[in-house]
Amino acid sequence: MNIERAMIKNIILDMGNVLLDYNPEICLNYFLENEEDKALIRRELFEGLEWREGDLGHITDEERFWGVSKRVPERLHKELKQCAEQWHMCMQPIPGAKEFCGQAREKGFQLYILSNASNSFYEYFPRFAPIDYFDGVVVSCDIHMVKPDIRIYQYLLDKYSLQPKECFFIDDMEYNVQGARDAGMQGEVFSGDYQKIREYIGF
């Protein structure tokens with residue numbers, strides 16, 4: 001990959017599986033024992049339409065329950081509600097993420113967040129750092145757009161007056177990184193190795 005390192009001034013980070021560990025299995029294992037029940041709630045809640053609707057800001061985490069409950073047996077409604085409202089129990093800082101952000105700041109980079117997330121983002125994200133630690137934050141639920149829609153990248157660029165060629169985007173999903181590239185940014189898929197990202201950027 002040809003990276004114009006000298007031009008990079010801004011590092012734009014996804015949140016889930018880049019800064020905080022998004023792992024629904026932790027929630028499912030905490031509230032449920034039966035593997036078939038786990039599979040059902042995984043499919044209907046975490047992989048269902050309501051998850052995207054939450055990220056788009058059309059419904060809250062609490063409201064997700066009502067839509068999904070129509071497709072889940074009543075005997076599981078208690079556990080479903082617990083998962084719908086407390087799923088972010090799994091969101092803990094990824095090893096090396098805080099150190100990476102601190103070193104990037106020391107090197108003079110500006111740091112931004114661009115995340116597909118529902119309204120509860122503002123509750124759990126401070127487990128990583130205060131919102132104002134970053135130079136800018138864009139959360140999909142606030143603007144009713146989600147990655148990889150090119151408009152969400154352009155929204156961030158416009159809001160903070162950033163030049164695409166000066167931005168490096170990090171996300172755990174290839175299609176989200178491609179969306180950033182389509183918007184004129186450089187970027188790389190995060191696979192859990194911050195040293196690899198440092199080498200790409202050059203610090």
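Preceding this section is the structure that the text describes.
**What to know about the side chain of Lys-38**
Piece 1. Position of Lys-38 among the secondary structure elements: in helix α2 (residues 35-46).
Piece 2. Only 3.0 Å separates the side chain of Lys-38 from the side chain of Glu-35, close enough to count as a polar contact.
Piece 3. The residues contacting Lys-38, other than those within four sequence positions of it, are Leu-28, Asn-29, Leu-32 and Glu-33.

**Digging into the pairing of strand β1 (residues 10-13)**
Piece 1. What you see with β1 is no split at all: Asn-10 and Ile-12 on one side and Ile-11 and Leu-13 on the other are buried throughout.
Piece 2. In this sheet, strand β2 (residues 110-115) lies alongside β1 in parallel orientation, the contact comprising four bridges. Bridge pairing in β2 links Ile-12 to Tyr-112.
Piece 3. Bridge count between β1 and strand β4 (residues 167-171): four bridges; the pairing is parallel.

**Re the pairing of β2**
Piece 1. Most of β2 sits inside the fold, with five of its six residues counted as buried.
Piece 2. Relative to strand β3 (residues 136-139), β2 runs parallel, the two sharing four bridges. Paired with Tyr-112 across the strands is Gly-136, a residue of β3.

**Side note on the state of the cysteines**
Throughout this description, disulfide means a covalent bond between two cysteine sulfur atoms.
Piece 1. Enumeration over the complete set of coordinates arrives at zero disulfides.
Piece 2. You can see Cys-27 has no disulfide; the closest cysteine sulfur is in Cys-83, sitting 3.5 Å from it.
Piece 3. Classification of Cys-27 as buried rests on a relative accessible area of 0%.

**Re α2**
Piece 1. Across its 12 residues, α2 extends 15 Å between first and last C-alpha, which sits within 8% of the 16 Å expected from 1.5 Å per residue.
Piece 2. Among the residues of α2, those classed as buried are Asp-37, Lys-38, Leu-40, Ile-41, Glu-44, Leu-45 and Phe-46.
Piece 3. Where α2 is buried, its residues touch α1 (24-31), α3 (49-55), α4 (61-69) and α5 (77-86).
Piece 4. Regarding α2, its N-cap is Asn-34, as a side-chain oxygen of that residue lies 2.8 Å from the backbone nitrogen of Glu-36 further along.

**Remarks on the packing of α1 against α2**
Piece 1. Packing of α1 against α2 leaves a shortest axis separation of 10 Å and a crossing angle of 135°. With respect to each other, α1 and α2 are oriented oblique. At the point where α1 passes α2, the crossing takes the right-handed sense. Facing Pro-24, Glu-25, Cys-27, Leu-28 and Asn-29 of α1, the residues of α2 in contact are Lys-38, Ile-41, Arg-42 and Phe-46.
Piece 2. Taken together, the residues of the contact of α1 with α2 break down into five nonpolar, one polar and three charged.

**A word on the sheet that holds β2**
Piece 1. Spatially, the five strands line up as an open sheet ordered β3-β2-β1-β4-β5, and their pairing is parallel. In the strand order of this sheet, the two ends are held by β3 and β5 (186-189), each with one partner. For this sheet, the mean inter-axis angle between neighbouring strands, taken without regard to orientation, is 20°.
Piece 2. In this fold helix α6 (residues 97-106) packs onto β1, β2 and β4, with an angle of close to 160° to the strand it touches most, β1.

**Structural notes on the pattern of salt bridges**
Piece 1. Enumeration over the complete set of coordinates arrives at 15 salt bridges.
Piece 2. Here Asp-135 ties to Arg-105 by a salt bridge, and the two come within 3.0 Å at their closest N and O atoms. With Asp-135 in the loop between α7 (121-124) and β3 and Arg-105 in helix α6, this pair connects stretches of sequence that are 30 residues apart.
Piece 3. The network of salt bridges with shared partners includes Arg-43, Glu-44, Glu-50 and Arg-71.

**Some words on the side chain of Asn-10**
Piece 1. One can find Asn-10 in strand β1.
Piece 2. Contact partners of Asn-10, with chain neighbours within four places excluded, come to Phe-109, Gln-110, Tyr-112, Leu-162, Glu-166, Cys-167 and Phe-168.

Basis of the calculations
Position labels on residues start from 1 in each chain and follow its written sequence. Since the coordinates come from a predicted model, pLDDT governs what is reported: local features require at least 70, and pairs of side-chain atoms require 80 or more to be given and counted, while whole-chain, interface and lining totals use all residues. Side-chain measures here rest on the full set of heavy atoms in the structure, leaving out hydrogens and waters. A run of DSSP states H or I qualifies as a helix once it reaches four residues; a run of E qualifies as a strand once it reaches two. Both are numbered from the N-terminal end. In the analysis that follows, any N or O atom pair within 3.5 Å is treated as a polar contact, provided that within protein one partner can donate a hydrogen and the other can accept it, and provided that, for residues neighboring in sequence, both atoms belong to side chains. Only heavy atoms enter the contact rule, under which two residues are in contact if any of them lie within 4.5 Å. Relative accessibility thresholds used throughout: buried, under 20% of the residue-type maximum; exposed, over 50%; partly exposed, between the two (1.4 Å probe, protein chains only). We call two strands paired when DSSP finds no fewer than two bridges between them. Put simply, a disulfide is two cysteine sulfurs that come within 2.5 Å. Expected span, for any helix, means 1.5 Å times one less than how many residues it has. As a rule, the C-alpha atoms of each element are fitted with a line to give its axis, helices using only the stretch in contact, and angles between N-to-C directions run from 0 to 180 degrees. Roughly parallel covers angles under 35 degrees, roughly antiparallel covers those over 145, roughly perpendicular covers 65 to 115, and oblique covers all other angles. Each crossing is labelled by how the near helix is turned from the far one, with a counterclockwise turn of less than a right angle marking it left-handed and a clockwise turn marking it right-handed. Gly is put with the polar residues, along with every residue not named as nonpolar or charged; the nonpolar set is Ala, Val, Leu, Ile, Met, Phe, Trp, Tyr, Cys and Pro, and the charged set is Asp, Glu, Lys and Arg. Salt bridges are defined by distance alone: a side-chain nitrogen of Lys or Arg within 4 Å of a carboxyl oxygen of Asp or Glu.

By themselves, these observations are geometric and do not establish any function.
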